[in-house]
Amino acid sequence: MIYPIVAYGHPNLRKIAVDIDKDYPNLDKFIESMYESMYESNGVGLAAPQVNRSIRLFVVDATPFSDEIPEPIEFKRVFINAKIIERTGDDWAFQEGCLSVPGINEEVMRPAKIRIQYYDENWEFHDEYFDDIPARIIQHEYDHLEGILFVDRLSPLRKTILKGKLMDIAKGKTKVSYRMIYPKLKNKRK
Ligand code: NI
């Protein structure tokens, strides 16, 4: 099942997501649908809050990046109840985008390396280090669980410049190739 993606401006993107347990209903099906929804919209990561579920789960598949970088990466997995317990290394800039913020790509500074603890789809516990692109994608998706969007991490000047574009996304005025859930805006119809 392909889920619509929650658009910028929707309050559910700002919630702190909660841990789940092994009894979470239809988890396998949900994970499958998360992948389908991510591929449908050509994303490299998708967090559950982006499909309107405020739970601590995200999927990543960095394979599309392999066209852009010299060494192909195979990095596809599910992170459940993830906890970043260390961020180290120098901050570096990388151009990010987000399915909830279509049409905007901006350089974001993030630490190079992370240590993260999480469960996979079989409820195996992992405690791992990631760097480079995987660390980048994980930190972006992890932010969604904390109610943070990549545009929040831009300079005040960039934010001001992007204000109009962001409003257009929230109002549903941005052209998007996948289905989205828009916030209910108090003012007149879009
Ligand atoms: Ni995102």
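Here, every reference points to the structure presented above.
Residues numbered from 1 in each chain as written. Predicted model: local features only at pLDDT ≥ 70, side-chain atom pairs only at ≥ 80, totals over all residues. Heavy atoms only, no water.

A. Focus on the nonpolar core. Membership of the largest hydrophobic core comes to 38 residues, with the highest contact counts inside it found for Leu-57, Val-101 and Val-151. At the level of elements, strand E1 (5-6), helix H1 (27-40), strand E3 (57-61), strand E4 (76-96) and helix H3 (156-170) are the ones that each hand at least two residues to this core. Filtering out sequence-adjacent residues up to four positions away, Val-151 remains in contact with Tyr-8, Val-101, Ile-104, Lys-159 and Leu-166. In terms of nonpolar packing, the next biggest core, distinct from the first, is built from 21 residues, Ala-62, Ile-73, Phe-94 and Phe-130 among them. (Core = buried A, V, L, I, M, F, W, Y, C linked by side-chain atoms within 4.5 Å. Buried < 20%, exposed > 50% of the residue type's maximum accessible area, 1.4 Å probe, protein only. Helix = DSSP H or I, 4+ residues; strand = E, 2+ residues; numbered from the N terminus. Contact = heavy atoms within 4.5 Å.)

B. Representation of the pattern of salt bridges in the model. Counted under the stated rule, the structure contains 12 salt bridges. Glu-146 is the salt-bridge partner of Arg-56, the closest N and O atoms lying 2.5 Å from each other. With a gap of 90 residues between them, Arg-56 in the loop between strand E2 (45-47) and E3 and Glu-146 in the loop between helix H2 (132-145) and H3 connect regions that are remote in the sequence. With its nearest N and O atoms 2.7 Å apart, the salt bridge here joins Arg-153 to Asp-143. With a gap of 10 residues between them, Arg-153 in the loop between H2 and H3 and Asp-143 in helix H2 connect regions that are remote in the sequence. Judged by its relative accessible area of 2%, Asp-143 is buried. Among the charged side chains, a network of salt bridges with common partners joins Glu-96, Arg-110, Arg-136, Asp-143 and Arg-153. (Salt bridge = Lys/Arg side-chain N within 4 Å of Asp/Glu carboxyl O.)

C. Spatial organisation of the sheet that holds strand E5 (residues 106-119). Here five strands make up an open sheet; going across it, the order is E2-E3-E4-E5-E6 and the pairing antiparallel. Edge positions in the open sheet fall to E2 and strand E6 (125-131), since each of these has one partner strand only. Geometrically, the sheet is characterised by an average inter-axis angle of 30° between neighbouring strands, direction not taken into account. Judged from the 12 bridges that link them, E4 and E5 form a sheet pairing that is antiparallel. The residue of E5 that forms the bridge with Ala-93 is Met-109. Each of E2, E3, E4, E5 and E6 is contacted by H2, which is oriented at about 115° to E4, the strand it contacts most. (Pairing = 2+ DSSP bridges. Axes fitted to C-alpha atoms, helices over the stretch in contact; angles between N-to-C directions.)

D. Fine view of the coordination of the nickel ion. Protein coordination of the nickel ion is provided by Cys-98 (SG), His-140 (NE2) and His-144 (NE2), with donor distances spanning 2.1 to 2.3 Å. Mapping the donors of the nickel ion onto the primary sequence gives the spacing C-x41-H-x3-H. In this pair, His-140 and His-144 are both assigned in helix H2, four residues apart and thus about one turn of the helix distant. (Donors = N, O, S within 2.8 Å, 3.2 Å for Na, K, Ca; no water.)

E. The arrangement of the packing of aromatic side chains in detail. Counting across every chain of the model gives 10 aromatic pairs. Relative to Phe-130, the ring of Phe-79 lies with its centre 6.1 Å away and its plane at 65°, an arrangement referred to as edge-to-face. Placement of Phe-79 in strand E4 and of Phe-130 in strand E6 is noted, with a sequence separation of 51 residues between them. Take Phe-130: its relative accessible area is 9%, and that puts it in the buried class. For the pair Trp-92 and Phe-94, a centre-to-centre distance of 5.4 Å together with 55° between the ring planes defines the contact as tilted. Of the residues examined, Trp-92 reaches a relative accessible area of 23% and is grouped as partly exposed. One aromatic cluster is present, formed by Phe-58, Phe-75, Phe-79, Tyr-118 and Phe-130 through successive ring pairs. A cation over an aromatic ring shows up here: Arg-56 above the ring of Tyr-142, its NZ or CZ 5.7 Å from the ring centre. (Phe/Tyr/Trp six-rings, centres within 6.5 Å; stacked < 30°, edge-to-face > 60°. Lys NZ or Arg CZ within 6 Å of the ring centre and 35° of its normal.)

F. Representation of the pairing of E6 within the structure. The sheet contact formed by E5 and E6 spans seven bridges and is antiparallel. Bridging from a neighbouring strand, Arg-115 pairs with Tyr-129 of E6.

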